[in-house]
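The primary structure of each chain is shown beneath.
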Amino acid sequence: MSHSPMLASLSRHKLTVGLLVLQVAFTCAIVCNVASIVGHRLAQMNLASGVSENELTMIQSISVDESANQLAKHDADLAALRAIPGVTSVAAVDSLPFSGNNWSNGIPLVPDGPSITSATAYSGTPSAMHTLGLRLVAGRAFQPDEYIPLDAPHDSIGLNHVASTIITRALATKLFPGQDPLGKVIYPGEGPVRIVGVVDALLRPTLDESESAGFVTLFPMLPDATDIIYVMRSSPRDRERVLKDAQRVLAALDTNRVLRKPQTFSQMRDDYFRRDRTMISLLLAAALGLLLVTAAGIAGLASFWVQQRQRSIGIRRAVGATRQDILRYFQTENLVIMGGGVMLGIVLAYALNVLLMDHYALQRLPWFYAPMAAGALCLLGQMAVLGPALRASTVPPVVATRG
Amino acid sequence: MLGYYATTAISSLRRSKALAALMVLVIGLGIGASMTMITIFHVLSGDPLPGRSDHLYAPVIDVRPLERERGESAEPNGDFTWPDAMNLLRANRADRQTAMSGGAVPVRPMQGGALPFYETGRYVTSDFFAMFDVPFASGGGWTRDDDGNRARVVVLNTDLARKLFGEASPIGKTVRLKNTDFRVIGVLANWHPQPQFYAQINGRAFGKPDEFFLPLQTAQGLGMDFNGRMSCWDGDGDARTSNHCVWLQYWVQLDSTSKAAAYRQYLADYWRDQQSHGRMRRPAQPQLYPLMSWLEHQHAIPDDLRLQLSLSLGFLGVCMLNVVGLLLATFLRRGGEISVRRALGARRWDIFLQLGVEACVIGFAGGALGLCIAFLGLWSVRQRPDGYAQLAQMDPSMLLGTFALAMVASVAAGLLPAWRACRIPPALQLKTQ
C-alpha cells in the first residue's frame, strides 16, 4: 500500500528507470561470467602438482653427440650433480608437470581394446620418485631390476616391453572406479603392464580444460634421449646456488651439449600460468570498473531524484512521515529497480554464458554465481543510494511551504 | 549559434560539476578500454605480406583414416605428410610452391670453448624466398637443384648472423649446426612477418622470428630435429617419411583466380589418384585457403584476446547506458529552463541542438580522457610477456578512430535524452515551477 506512490513515481520516469534496469542487467550478466572465468582459472592455478615444489630445481641438457651412450652420460652427470653441496637427491626425467613436453598414450584395459582415456607417461631414473617427493598411497615403489631403457631413438619402444607401472589416484579412479587398482593390467603399449602402486597426485606437463589434468602413468624406464631434464632437490634457500653450481658442473663435464632453462620449479609454474595471471587481473579490473560505473550511475541518479523531489519530500514530512520513512522510501525504490535489473541480468548471464561457451570453449556458469552476483549488486545499490537517501531524510518539513 | 550553445553547455556543466565529471570519466573509461583492445586487434589482424597475400594459398587435404576418432575435429589441421608434400612439389602445378617444417638445432659459436646454444628456424624448399618476397641483406636463396642434391647451405636471419659473425660478412663462411657444417649463402634483412603466417599457427604465432633457413631435404637426410606438431595414425617405422604422419606445411602461389580453381581441381585429381592406391579414403574435398582467410580460420589471434575485446565492448556498452541515464537526468532537471526557452519561441530543433552540443562537449572531454587511458592501456599491454606485446602501438588511423568513436558514442548517448527533453511542453513546466 505504502509503495503504490513509489510505483506511480517510477512509472513517471519510465525511460530513466528502464535505462538503469538495463545497465544493472548488463553489469550483472558480465560480472557473473567474469567471476566464473576467474574462478575457473584460479582453480587451475591452484592445482597441486604433486611434487615438492619449493625444493626442486631443474636444468635441461641436450647432448649434440647422438652416437654416445646417453645412459652412461646421464649417470656421470647425475653423480656430479649429487656431489653439489646442499643437494639431497637428484634424478633424470623426461618431463615434468608444467614443462609442456607431453607424451600421452591411450589406456585400454584389454589388448587392442578401446582406450578408456589418455594418460601422460613419465619415465625417470630410480631416484626420481624420491627426488620429486611423490607420495605413494598404495602398493610399492619400482624395484631396481624392473628398470629398462626407454629406447627413445627407436620411437620409445621401451613402452612395449615395460612390465609395471605406478599410476595416480585420479587415473586409478577413472580406470577402475570403486575397485582396488593394484595388480590390474593396462595396455598403454603393445604389452600388458601391471599396476604396482598408486601415488597421491601428479599433474600432466600441460593442463587442458578437461578432468584429465591428473591422469598420469609412471614407468620404470630410463630416459635415454639426448634431451634430458635433471632435477635436484635441496632446501629452498639453497636453490639459486644449486642452479649455478649445476650449470658449472655440467658445462665442465661435457662441452658438446646445450644447457637450457635452468630454473626452480616455482619459476616454471609461474611461467606456465603467466598468461592466466594477466587475464585474471584484466578480468578483475573490468569487473571492478563495471561495478564502480554502475554504482556511480545509481548514486548520481538517486541524488538527482532527491533534489528534484525536495518539495514532495517536504510535504510528506509535513503530513507526518518520519525521517525513517523517507530513508526507507528511497532504499525500497532502489531495491525495486535493482531487483528488476538483476532478474533480467540473471537471464542475460545464462544467455551470455551459452554464447561464450560456443565461441571460447568456456565452462558452464556454476549455478551459485548468478544469485551471488545478484545479491552483491543489490547490496552495491543499497550502498550507492545510502548517501542520497540520508540527504533526503534530512529535508525539513518546512520546505513544503516554500516554492 | 553553435558557438553560443557550446558556451552555455560548458556553463551548465559547471553548475553540476560532479555529475559532469562522472559522465566524462565514464565515457573515458569505456572508450579507453575498448580502444586499447580494438587497437591490439587492428594491429594483430594486419596483413603480414601486403600486396602478395592475395596470391598465396594454403592447400588442405585430409589423409586421416576413414573411421573417425572420438573427439577428432571435423577439418584436418592442414599439415601434410612427407610423401604428399614431395608429390605436390614434384608435380610443380602452382606458380611457386614450398614445403616446410619448423626446426630447432644446436648452433656452435665461432669462438672456441663456449657451449652451443639452441636456435629455432625453418627447413624450407627453394621457392620459399621468392614466394614470400623475403628481403635479403646480402647473398640469396638456393636453387631447386640444391634441394634435390641435399646441399648443405643455410640462410641466416640478421640476429643470428650478427651473433655468430659480428659485423663481418658471413657469406661463404661455415656455420656448424648440430654436427654438420653448412655454408652461409644469404643473410636476411631482419625479416619477421607478424604473425608468422607460414608456420603452424599456435600460441607463438607472434613474436620471435626464424633465425635460419636450410633446405628441407637436407635437414630430413641428416635427421635434424624438427619443431612443432606431428599427428600420426598407425604406428610403424620411420615416422617422418611415412604416409600416415602429418607434420609439414605446404604453401602455393597462384597468380590468378582461374589458376586457383585449376589448382583445386588438380588437388582433387591427386586425392582420387591416391584413393585408387588405397590411401586418403575420405571423400575428395580439397580446400584452398587464401592467406588472410587461413589466418582467420586458424585463430591466429589468441582466444584470450578475443574474449578481452568482447569484454571491453560490453564494458563500453554499460558505460554508454550509464551516460544516457545521467544525461537524461540532467536534461530533464532543466525542464523549467527549457520550458521558458520554448515559451519564448525556441523551436524543438533549437532545444535539440543545444542539448546535442552539450552531449558533444562531454563526448569531447570523454574522448580526450579515453585516449589517455588507451595510451596507458597499450603501455601496460607492452609490459606483458606475450609475443604480440611489442606490436601494441597506436597508429594515426587508430588515433583518429578513438576520437571518432568517442564522438559517435557520446552523440548517440545524447540523442535519446535530447529528444526526450525537447518534447517538454512549454506551458505545463512553467506552471509547476
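Heads up: the structure comes first, above all this text.
Description of the structure in this document. (Residues numbered from 1 in each chain as written. Chains lettered and ligands numbered in written order. Predicted model: local features only at pLDDT ≥ 70, side-chain atom pairs only at ≥ 80, totals over all residues. Heavy atoms only, no water.)

## A look at the overall build of chain A
- Scanning chain A from terminus to terminus reveals 11 helices and 13 strands.
- In summary, chain A has a C-alpha radius of gyration of 32 Å against a globular reference of 22 Å for 403 residues, an excess of more than 25%.
- Expressed as lengths along the three principal axes of its C-alpha atoms, the size of chain A is roughly 100 × 50 × 35 Å.
- Every one of the 403 residues in chain A was classed for burial, and the buried ones make up 51%.
- A fraction of 82% describes how many contacts in chain A between residues 6 or more apart in sequence connect residues 24 or more apart.
- In the form shown here, chain A has an accessible surface area of approximately 18000 Å², with 60% of it arising from carbon and sulfur atoms. (Helix = DSSP H or I, 4+ residues; strand = E, 2+ residues; numbered from the N terminus. Rg over C-alpha atoms; globule rule 2.2 N^0.38 Å. Buried < 20%, exposed > 50% of the residue type's maximum accessible area, 1.4 Å probe, protein only. Contact = heavy atoms within 4.5 Å. Areas by Shrake-Rupley, 256 points an atom, 1.4 Å probe, with all protein chains shown as cover.)

## Re the pattern of salt bridges
- By the definition in use, this model includes 25 salt bridges over all chains.
- The closest approach of N and O atoms between A:Asp77 and A:Arg257, which form a salt bridge, is 2.7 Å. A residue pair is termed long-range when its members are at least 10 positions apart, and A:Asp77 in helix α3 (residues 70-82) and A:Arg257 in strand β13 (residues 257-264) qualify at 180 residues. Like A:Asp77, the residue A:Arg257 is buried in the burial classification.
- Here B:Arg122 ties to B:Asp210 by a salt bridge, and the two come within 2.6 Å at their closest N and O atoms. Taken together, the residues B:Arg122 in strand β3 (residues 117-124) and B:Asp210 in the loop between β7 (180-188) and β8 (212-215) connect sequence positions 88 residues apart. Of the two residues examined, B:Arg122 and B:Asp210, each falls in the buried class.
- Connected through salt bridges with shared partners, the residues A:Arg237, A:Asp238, A:Arg241, A:Asp245 and A:Arg248 form a single ionic network. (Salt bridge = Lys/Arg side-chain N within 4 Å of Asp/Glu carboxyl O.)

## Looking at the nonpolar core
- If you look at the biggest cluster of nonpolar residues, it comprises 156 residues, and the most contacted ones within it are A:Leu218, B:Phe128, B:Phe132, B:Tyr198, B:Phe213 and B:Trp251.
- No other element matches helix α10 (residues 303-333) of chain B, which puts 17 residues into this core.
- Ranked by size, the runner-up nonpolar core spans 45 residues in total, among them B:Ile61, B:Ala99, B:Leu216 and B:Met280. (Core = buried A, V, L, I, M, F, W, Y, C linked by side-chain atoms within 4.5 Å.)

## Re the interface of chain B and chain A
- Contacts between chain B and chain A engage 40 residues on the former and 47 residues on the latter.
- One can count zero salt bridges joining chain B with chain A.
- Where the side of chain B that touches chain A is concerned, the elements lending two or more residues are α2 (17-44), β2 (96-108), β3, α10 and α13 (396-421) of chain B.
- Ranked by residues supplied to the side of chain B that touches chain A, first place goes to α10(B) with 19 residues.
- Its residues assigned to classes, the side of chain B that touches chain A shows 21 nonpolar, nine polar and 10 charged. (Nonpolar A, V, L, I, M, F, W, Y, C, P; charged D, E, K, R; others polar.)

## Here's the deal with the pairing of strand β5 (residues 153-156) of chain B
All names here are of chain B.
- Both faces of β5 are covered, namely the face carrying Val153 and Val155 and the face carrying Val154 and Leu156.
- Looking at chain direction, β5 and β7 are connected through four bridges and run parallel. From the neighbouring strand, Val154 faces β7, where its bridge partner is Val184.
- Examined bridge by bridge, β5 and β8 share two bridges and lie antiparallel to one another. In the sheet register, Val155 faces β8, and the bridge partner there is Phe213. (Pairing = 2+ DSSP bridges.)

## Overview of the sheet that holds strand β2 (residues 87-93) of chain A
Residue and element names in this part refer to chain A.
- A sheet is described by the order of its strands in space; here four strands give the open sequence β2-β12-β1-β13, paired in antiparallel fashion. This sheet does not close on itself; its edge strands, each paired only once, are β2 and β13. Taken pair by pair, the neighbouring strands of this sheet meet at an average axis angle of 20 degrees, ignoring direction.
- Where strand β1 (residues 56-63) and strand β12 (residues 227-234) come together, seven bridges link them in antiparallel fashion. Within β12, the position partnered with Ile62 by the bridge is Asp227.
- Packed onto the sheet, helix α6 (residues 239-253) meets β1, β2, β12 and β13 and runs at close to 175 degrees relative to β13.
- Against the sheet, helix α7 (residues 265-272) contacts β1 and β13, and its axis sits at roughly 85 degrees relative to β13. (Axes fitted to C-alpha atoms, helices over the stretch in contact; angles between N-to-C directions.)

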